[in-house]
Structures are given as C-alpha cells and as structure tokens.
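Reading the structure
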Amino acid sequence: MKRRWIPVATTVAVLAALTACSGAEEAATKAVEARDFVALGDSYAAGLGAGNYGESTTCVQSKDGGYPHLWATLRTVASFGTITDATCAGAKINDVRFEQLRALNEKTGWVTLTVGGNDAGWTKSLQTCLLGTDATCKTSVDTAVTTVESALPAELDALYQMIKEAAPNAKVFVTGYPHLVAAPGAAGVSCDALGDARRKALNDGADSLDELIEGRVKAAGFTFVDVRKAFEGHEACTKEPWIHGLRDNLSESYHPTPEGHKAYAAALFAVTG
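Okay, so let's go over this structure. As the structure is a computational prediction, the values presented were derived from the model and not from experiment. (Residues numbered from 1 in each chain as written. Predicted model: local features only at pLDDT ≥ 70, side-chain atom pairs only at ≥ 80, totals over all residues. Heavy atoms only, no water.)

**Comments concerning the sheet that holds strand β4 (residues 171–175)**
Spatial ordering of the open sheet is given by β2-β1-β3-β4-β5, a layout of five strands whose pairing is parallel. With one partner strand each, in any of the chains shown, β2 (83–85) and β5 (223–225) form the two edges of the open sheet. Within the sheet, the average angular offset between the axes of one strand and its neighbour, ignoring direction, is 20°. Bridge count between strand β3 (residues 108–114) and β4: four bridges; the pairing is parallel. Directly across from Trp-110, in β4, lies its bridge partner Lys-171. Along the sheet face, helix α6 (residues 134–166) touches β1 (36–41), β3 and β4 and points at about 165° away from the line of β3. Across the sheet, helix α7 (residues 196–220) lies against β4 and β5, angled at about 160° from β5, the strand it touches most. (Pairing = 2+ DSSP bridges. Helix = DSSP H or I, 4+ residues; strand = E, 2+ residues; numbered from the N terminus. Axes fitted to C-alpha atoms, helices over the stretch in contact; angles between N-to-C directions. Contact = heavy atoms within 4.5 Å.)

Have a look at this one:
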C-alpha cells in the first residue's frame with residue numbers, strides 16, 4: 001500500500017483552523033459567562049436624592065432608588081449573575097480608578113458609570129452661582145469648563161483603558177449629566193438666586209462636560225447615554241422638577257429626585273434594551 005503524504009502546508013493550515021476554532025469556542029464561553037453587573041461612579045450613580053440610604057453613611061447609596069438598581073429591574077434582575085454597587089457619593093475619576101475598579105473581572109458583562117462632575121469642580125460652581133453674582137457665577141463656571149477641557153480628557157482615557165483591561169468581556173455604558181436648572185426664560189417657579197444669566201451659565205457648563213465625556217467615551221468604544229433630553233422640562237426651577245432644589249439635607253440639593261433616577265434608568269434602558 002502506498003503511503004499518502006499530506007503536504008506540510010496543508011497540515012499547518014488544519015492545525016491553525018483547529019486552534020482558531022478552539023479559541024473562538026473559548027471566547028464564546030467567556031462571553032456567555034460574563035453576566036455580572038457592576039455599577040461605578042459618583043453620587044448621581046449612587047442614587048443620592050432618591051432616599052432609602054439604609055446604613056450607607058459614607059457613600060450614601062440608595063438601596064434600590066439609584067438608576068443602576070432601577071435599570072437592573074427593568075432588564076429583569078434574574079438576567080444578571082451577581083450585581084455589585086461600587087458607587088460612592090463624592091467620587092472623582094481617580095476614586096473610580098483605584099478603588100471601585102476592584103469590583104471588575106473577566107466575569108463582568110455589564111458596567112455602568114457616571115463620573116466627572118466632581119473633577120470639574122461642579123459643586124463649587126453651583127455654590128458660587130447660588131451665593132454670588134451673575135459675574136462670579138459665570139467666572140466660576142468658565143473655570144470649571146477650562147478644567148474639563150484641559151485635565152479630563154487624559155484622566156477619562158486612562159480610566160476607560162483600565163476598565164477595558166479589568167473587564168475585557170464587559171459592555172460599558174457611560175451616562176452624562178442633565179441640565180440642573182430650567183433654560184433661561186422658561187416658565188416655571190422661582191429658584192433661589194438662579195436667574196436667567198446664572199441658569200445659562202450652568203447649563204452651558206453642563207453641555208461642555210457632557211460633550212467632552214461623550215467624545216472620550218466614543219473614542220474608547222463604549223456607549224454614551226445622554227440624559228439631557230430625558231430631563232427636559234423637569235429640571236430644577238420647573239413646576240414638576242426631577243432635580244431637587246435646595247434641601248434640608250444639603251447633600252441632596254441639585255441631585256435627581258426619585259423620578260429623576262427613574263429617568264436615568266429609562267434613558268439607559270432605551271439604549272441597552
């Protein structure tokens with residue numbers, strides 16, 4: 001009987017195909033196993049303003065009223081593996097990078113994130129707009145925008161890269177921030193010292209922050225969730241606000257109400273299904 005010799009090139013091709021098939025199966029298995037959900041971010045992600053904080057005195061997480069929990073319910077909680085809320089009120093980008101990302105791993109299939117407002121010095125600008133003059137309000141917001149445009153791109157890029165490395169199988173959704181106050185001239189109710197000039201300054205600043213975040217999110221290959229339309233007509237200073245005005249609990253001031261966190265969840269659900 002004659003031996004049939006198989007060309008070396010053919011053998012190599014077969015082995016390569018088998019290896020590729022094995023790698024694809026392994027990747028598919030990992031993708032199926034990546035069902036865990038991790039929520040990251042600052043007070044807007046933690047649910048500040050929604051109430052029901054339980055014993056969470058440091059990070060002030062709403063136990064079930066923050067948008068990550070509401071979104072998980074909309075998607076049906078049972079569709080996830082574990083759900084981890086790593087959010088923390090007051091968090092900045094580096095807090096997420098060096099503390100919250102510990103919750104991520106190869107089994108993480110879903111990540112939500114809201115961060116950047118504290119890095120921009122947004123709280124200080126809001127205080128200045130409430131207590132100062134139209135001129136000092138605009139100056140403070142302009143300073144925050146300068147910080148946003150100069151410092152945040154590199155910091156966000158570094159954060160997003162670390163998320164990719166820590167959770168290589170995850171779908172990542174980054175939400176922006178709403179306008180805090182009604183547009184200048186909009187019919188509504190009086191809103192402390194926030195007249196038209198100050199409202200314009202604050203909303204223009206929010207646009208700058210959102211546009212910067214959106215650009216870096218898209219560059220990273222993640223999905224940006226714009227919530228400004230969802231809150232339109234329901235900002236502070238409107239008749240049916242989904243953003244708190246000044247509160248006895250000052251930390252809740254100018255954060256989403258329970259309805260506001262539902263609006264966040266609905267905007268996220270509209271993108272993710």
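**Comments concerning the packing of aromatic side chains**
Scanning all chains against the criterion turns up twelve aromatic pairs. Here Tyr-44 and Tyr-177 contribute two aromatic rings whose centre-to-centre distance is 5.4 Å and whose plane-to-plane angle is 75°, an arrangement assigned as edge-to-face. One end of the pair, Tyr-44, is in helix α2 (residues 43–46); the other, Tyr-177, is in the loop between β4 and α7, and 133 residues separate them in sequence. Taken together through their ring pairs, the aromatic side chains of Tyr-44, Tyr-67, Tyr-177, Phe-231, Trp-242 and Tyr-264 make up a single cluster. The ring of Trp-110 has Arg-75 sitting right over it, with the charged end atom 4.3 Å from the ring centre. Taking NZ or CZ as reference, Lys-164 lies 5.9 Å from the ring centre of Phe-222, over its face. (Phe/Tyr/Trp six-rings, centres within 6.5 Å; stacked < 30°, edge-to-face > 60°. Lys NZ or Arg CZ within 6 Å of the ring centre and 35° of its normal.)

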